[in-house]
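Observations on the model geometry
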Amino acid sequence: MTVIRPALRHLRLPFAALALWAGVAPAARAAPSIAMHGAPALPDGFAHFPYADPDAPKGGRLRLCLPGTFDSLNPFNLKAGSTAQGLVNMVYEPLMARSQDEPFTLYGLVARGLDTDEDRSFATFHLDPRARFSDGTAVTADDVRFTFDLLKEKGRPQQRQAFGLVKGVDTPDPLTIRFDLAGVGDRELPLFLGLMPVLPRHAVDPAHFDEATLKPPVASGPYRVTEVEPGTRLVLERDPNYWGRDLPTRRGMFNFDRVDIDYYRDANALFEVFKAGLCDFRIETDPARWLTGYDFPALQDGRDLKQAVPLRFPKGMEGFAFNTRRPLFADPRVREALAGMFDFGWVNRALYGGLYRRTPSFFAESELSSSGRPADAAEVALLAPYPGSVRPDVLAGVWRPPGGDGSGRERAEAKRALALLAEAGDRLDGTVMRLPNGEPFRFEIMVTEPRYQRLALAYADSLKEIGIEAAVRRVDEVQYQRRRQSFDFDMMPGQWLATASPGAEQRSRWSSAAADQPASFNLAGARSPAIDAAVSAIVAASSQEGYLAAVRALDRLLLTGFYVVPLFHTEDQWIAYASFLGRPKEVPLFGISNVTPIELWWRKRGG
């Protein structure tokens, strides 16, 4: 059931007065929050998000060091593969703010609220008359419409696809924009529109929007870009005139006066600069380093701290993606055979000290996961039009990715893989696996990080046991992103982060329409009517029960398709940071930014 909260009566006069002061008529009363399912958790008039500290001190500098490089400051077009990090939410902000304590709920920001109906056949956003861009210009409905039209034509594939569903747009006054969604059947679309950034019509050149640019943007967020060293450095400074600093959705957040972001192409260099005290915060992804590398002087004398932060949201999938556009990987039996040769037991013991768990689902450790759950009647009904699309063990919830025995020479899985390959027409010729045409079975695994290189090399060694040659090729970040965007790879690592409310983003990851869209996240090139139907059922679900059934059905379809060699996950996020940094006691339930210091952390007084 759609639940939107009525606006507070006492807010009417201030907003109306501000609107008249701005020279426009006051907008109709809007609901200040909307939840994808159920009711918003926070009451009308809440003071701040529970995970933000309203008394956090402002000021000071934060120094971040990130991997990679950048050649653009525009995160909204196809050049975004090498866009500088730290711009979304910091410089650009959405119409409405997402709560990190709820699966998918939006609260007022640039739009102080929205109107919709039970069927979500329209979404009318009412802009806050106080909203301003960094150059002081008022944010208007014309800017929102300009942004919508621009991203619909030249934005990233998922934006173009979602915005293409909108039937019409109307701007009845400078503070109101209405989207006609009649007949779309996508209940998430009003919320997706609510996450749209607002670009200033007067400061954006549509003709060159799809080109990379290093020009500091004009936007409405709390920070401005003040320094740019192409590819290596970015400086953000808090806007002293930021219009939304006292909003409930911003109170206690964005506390640093300045954020310096330095980029490094080498992972070892990143760690060394942190050890040297040149960076204030680090997320560690290498378990070997986490176990043995954090014994340097700054940790020993208390200048730096390390912590394992529990992650309470669903664990997504990380794995090696098969490019099924390649004939080599078109047969799911081949993909299953190769996936079974990843010896997790040996990798976890030999490389990672046993810190990891094997990932059995695209939504692991959550109610969204199909793992350990037999399909219920609702799932069976969703899958009925596509007989055979889910294998029996996956339908029963008992399938698990093979773990290996930890020996590094897993005979049972090798025997099973050879049988599957034989069914697909491949044959073992001595020590060489040959394709049906007689050519050797060989492919390339493209990586860009040392940790993936190490994993890929271990995996390649396992594949040699069945006569398959996997060449591991490490490329730089720019080449990696360009090849990813054009699907110019055989196999590559991928991450499919899970939220507590998966929705329309699954189209870009798995839909048939996204399979050939440049820069989409459908790395595997999945094309399946059953998957398309499951994604449509997710975004159309009007009840929590129907929603869970659709997500679990999608999970089962993806597992059956063997689009990915599943890797592993941890229960915690490993972080290290300077002791002069402070953070709230409350950790967001579903937010990834519980380990991101920019939004919620601060520099302690005297630090």
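Everything that follows concerns the structure shown earlier in this document.
Nothing here was measured: the structure is a model prediction, and the numbers come from that model.

In this section: unusual backbone geometry. Unlike most non-glycine residues, Asn89 shows phi in positive territory, near 80°. Within the element layout of this structure, Asn89 appears in the loop between strand 2 (61-67) and strand 3 (96-98). Classification of Asn89 by relative accessible area gives partly exposed; the value is 26%. Phi is positive for Phe487, close to 60°, though the residue is something other than glycine.

As a packed pair, helix 9 (residues 344-352) and helix 13 (residues 450-464) sit with axes 11 Å apart at the nearest point and diverge in direction by 135°. Classified by the angle between their axes, helix 9 and helix 13 sit oblique to one another. At the point where helix 9 passes helix 13, the crossing takes the right-handed sense. Where helix 9 approaches helix 13, its residues Trp346, Val347, Leu351 and Tyr352 are matched on the opposing element by Arg451, Arg454, Leu455 and Ala458. For the contact of helix 9 with helix 13, the per-class residue count stands at 6 nonpolar, no polar and 2 charged.

What follows covers the pairing of strand 8 (residues 176-180). Direction of pairing for strand 6 (residues 122-127) relative to strand 8: antiparallel, over a ladder of 5 bridges. Residue pairing in the sheet places Phe125 in a bridge with Ile177 of strand 8. Sheet analysis places strand 7 (residues 168-173) next to strand 8, joined by 4 bridges and oriented antiparallel. Residue pairing across strands places Asp170 opposite Arg178, the latter belonging to strand 8. The hairpin formed by strand 7 and strand 8 contains 2 residues between the paired strands.

Here we come to the pattern of salt bridges. Overall, the coordinates contain 38 salt bridges when judged by the stated rule. Between Arg201 and Asp142 there is a salt bridge, and its shortest N-O distance comes to 3.5 Å. Taken together, the residues span a long stretch of sequence, with Arg201 in the loop between helix 4 (189-194) and strand 9 (223-229) and Asp142 in helix 2 (residues 141-154) at a distance of 59 residues. Judged by its relative accessible area of 43%, Arg201 is partly exposed. Here Glu336 and Arg416 are joined by a salt bridge, their closest N and O atoms 2.6 Å apart. Highlighted residues: Glu336 in helix 8 (residues 332-339) and Arg416 in helix 12 (residues 411-423), separated in sequence by 80 residues. Take Glu336: its relative accessible area is 9%, and that puts it in the buried class. Here Arg416 falls in the partly exposed class, since its relative accessible area comes to 35%. Salt bridges sharing partners connect three or more residues here, namely Arg61, Glu227, Glu229, Arg233, Glu237, Arg258, Asp260 and Asp262.

Quick notes on the rules
Residues numbered from 1 in each chain as written. Predicted model: local features only at pLDDT ≥ 70, side-chain atom pairs only at ≥ 80, totals over all residues. Heavy atoms only, no water. Helix = DSSP H or I, 4+ residues; strand = E, 2+ residues; numbered from the N terminus. Buried < 20%, exposed > 50% of the residue type's maximum accessible area, 1.4 Å probe, protein only. Axes fitted to C-alpha atoms, helices over the stretch in contact; angles between N-to-C directions. Parallel < 35°, antiparallel > 145°, perpendicular 65-115°, else oblique. Left-handed = near helix turned anticlockwise from the far one by under 90°. Contact = heavy atoms within 4.5 Å. Nonpolar A, V, L, I, M, F, W, Y, C, P; charged D, E, K, R; others polar. Pairing = 2+ DSSP bridges. Salt bridge = Lys/Arg side-chain N within 4 Å of Asp/Glu carboxyl O.

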